[in-house]
Amino acid sequence: MNKTAFIFPGQGAQKCGMGKDFYENSELAKEIFDTATAELGLDMTKLCFEENEQLDQTEYTQAAMVTACLAMTAEIEKRGLTPDVTAGLSLGEYCAISAAGGMQPKDAISLVRKRGILMQNTVPTGEGAMAAILGLDGETVEKVTEEISGASVEKSAESLKAAGAKRAVLLNVSGPFHSKMLESAGEELAKEMEKRNFEPLAIPYVTNVTAKYVTDIKETKALLAKQISSPVRWEESVRTMIEDGVDTFVEIGPGKTLAGFMRRIDKGVKVYNIETWEDMEKVIAELV
């Protein structure tokens, strides 16, 4: 059975100008940007559209990324392109949950603003790093990293490649996210989630924590609290969707990071990227 997945990039993909053409051409997209500005007390258009240093600072990046991606998604769905399942890389999982019906955009944006502040303040900027590992199962990655505990990310990447990883890509983030160093941030995030509204899922999403489908929104709070300090099982998540019949993946957001990963995971599926208004029109013309 042919299925379509919407997939959303994580922190590191942000760029100046993301979502600007959607803001200018779509009332739905403009409404999401304006709602984010009002909800957070931040000028989201200035943050996303004008050159500034804040866009690459975790406490601002996360809210900016989710705002831009959800603004794009609103217009894409209005045009008739809808997913059967969603997934997102790290931060992108919040977009996936919202796109699956589990959170209103304003709640997702507000929550990741708090998440970004927690992550930035838990570990000093510049301390630690992250890498994406391709072609090696999660259990092997965890086993190798446990054996070399205390090694730098660069050294760990070398060891993982020696263990069979196809690639080890250092990521453009400001800290050691998805590691045990962030467990306290997860505990604080859990408290914050009690203040947010979660709604029944209209479609499933795949969680980074287990790489499995989530169909019950009641599972989401615990998973998001754990996600912040757990490895991101992205390749496994993609394979889970493919095994379920997903043959079309639409990456929504700045850059082509996930599309690049997809080509290395399985060249047999169709992959599209929507970053601009023009991209959207081309993809809609082909798929709808």
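Residues numbered from 1 in each chain as written. Predicted model: local features only at pLDDT ≥ 70, side-chain atom pairs only at ≥ 80, totals over all residues. Heavy atoms only, no water.

**Examining the overall build of the protein chain**
Looking only at helices and strands, the protein chain features 13 helices and 8 strands. Counting every position in the protein chain, which comprises 288 residues, the buried fraction comes to 54%. Put simply, of all contacts in the protein chain between residues at least 6 apart along the chain, 75% involve residues at least 24 apart. Surface accessibility of the protein chain: about 12800 Å² in total, with carbon and sulfur atoms responsible for 46%. (Helix = DSSP H or I, 4+ residues; strand = E, 2+ residues; numbered from the N terminus. Buried < 20%, exposed > 50% of the residue type's maximum accessible area, 1.4 Å probe, protein only. Contact = heavy atoms within 4.5 Å. Areas by Shrake-Rupley, 256 points an atom, 1.4 Å probe, with all protein chains shown as cover.)

**Digging into helix α5 (residues 92–99)**
The element α5 is extensively covered by neighbouring structure, given that 8 of its 8 residues are classed as buried. Here α5 has its buried residues at Gly92, Glu93, Tyr94, Cys95, Ala96, Ile97, Ser98 and Ala99. Once α5 ends, the next one or two residues include glycine 101, with phi positive near 100°.

**Observations concerning the packing of aromatic side chains**
Taken as a whole, this structure holds 4 aromatic pairs when the rule is applied. For the pair tyrosine 23 and phenylalanine 33, a centre-to-centre distance of 5.6 Å together with 85° between the ring planes defines the contact as edge-to-face. On the criterion of sequence distance, the pair formed by tyrosine 23 in helix α1 (residues 20–25) and phenylalanine 33 in helix α2 (residues 27–40) is long-range, its members being 10 residues apart. Members of the aromatic cluster, each reached through a chain of ring pairs, are Tyr23, Phe33 and Phe49. (Phe/Tyr/Trp six-rings, centres within 6.5 Å; stacked < 30°, edge-to-face > 60°.)

**Examining the sheet that holds strand β1 (residues 3–8)**
Taken together, the 6 strands give an open sheet; going across it, the order is β6-β5-β2-β1-β7-β8, and neighbouring strands pair in mixed fashion. Taken across any chain shown, the strands that pair with only one partner, and hence form the sheet edges, are β6 (213–214) and β8 (270–274). As defined by bridge partners, strand β2 (residues 85–88) adjoins strand β5 (residues 205–206) across 2 bridges and the pair is classed as parallel. Counterpart to threonine 86 in the pairing with β5 is tyrosine 205. Strand contacts of helix α12 (residues 257–265): β1, β7 (246–252) and β8, with the helix running at about 155° to β7, the strand carrying the most contacts. (Pairing = 2+ DSSP bridges. Axes fitted to C-alpha atoms, helices over the stretch in contact; angles between N-to-C directions.)

**Here's the deal with helix α10 (residues 220–227)**
Regarding α10, the residues found buried are Thr220, Leu223, Leu224, Ala225 and Gln227. Contact partners of the buried residues in α10: α5, α6 (105–122), α9 (183–193), β5 and β6.

**Thoughts on the nonpolar core**
Counting residues in each nonpolar core, the largest one holds 65 residues, and the members touching the most others are Phe8, Met44, Val66 and Ile76. Here this core gets 12 residues from one element, more than from any other, and that element is helix α4 (residues 58–78). Beyond its immediate sequence surroundings of up to four residues, phenylalanine 8 is in contact with Cys69, Thr73, Thr86, Ala87, Gly88, Leu89, Gly92, Cys95, Ala96, Ala99, Ile252 and Leu258. (Core = buried A, V, L, I, M, F, W, Y, C linked by side-chain atoms within 4.5 Å.)

**Thoughts on the packing of helix α11 (residues 234–243) against α12**
Between α11 and α12, the shortest axis-to-axis distance is 11 Å and the interhelical angle comes to 70°. Taken together, the axes of α11 and α12 lie roughly perpendicular to each other. Crossing hand, α11 versus α12: right-handed. Facing Trp234, Glu235, Val238 and Arg239 of α11, the residues of α12 in contact are Leu258, Phe261, Met262 and Ile265. Each residue belonging to the contact of α11 with α12 can be placed in one class, and the counts come to 6 nonpolar, no polar and 2 charged. (Parallel < 35°, antiparallel > 145°, perpendicular 65-115°, else oblique. Left-handed = near helix turned anticlockwise from the far one by under 90°. Nonpolar A, V, L, I, M, F, W, Y, C, P; charged D, E, K, R; others polar.)

**Topic: the pattern of salt bridges**
Counted under the stated rule, the structure contains 15 salt bridges. Put simply, lysine 195 and glutamate 192 hold a salt bridge, and the shortest N to O gap is 3.4 Å. Judged by relative accessible area, lysine 195 falls into the exposed class, the value being 61%. Salt-bridge contacts for glutamate 236 lead to arginine 233; the nearest nitrogen and oxygen are separated by 3.2 Å. (Salt bridge = Lys/Arg side-chain N within 4 Å of Asp/Glu carboxyl O.)

**Considerations on the environment of alanine 36**
By the element assignment, alanine 36 lies in helix α2. Exposure remark for alanine 36: the relative accessible area of 1% places this residue in the buried category. Residues contacting alanine 36, with those up to four places away along its chain left out, are Gly41, Met44, Thr67 and Ile109.

**What to know about the side chain of threonine 67**
Structurally, the position occupied by threonine 67 is in helix α4. Ignoring anything within four residues of it in the chain, the contact list for threonine 67 reads Ile32, Phe33, Ala36, Met44 and Ile109.

**Let's talk about the pairing of β7**
In terms of burial, β7 is largely enclosed, as 6 of its 7 residues are buried. Direction of pairing for β1 relative to β7: parallel, over a ladder of 5 bridges. Bridge pairing in β7 places lysine 3 opposite valine 246. Sheet topology note: the β7/β8 ladder contains 5 bridges and is parallel. From the neighbouring strand, isoleucine 252 faces β8, where its bridge partner is isoleucine 274. For the crossover from β7 across α12 to β8, the handedness is right-handed. (Right-handed = clockwise from strand over helix to strand, strands pointing away.)

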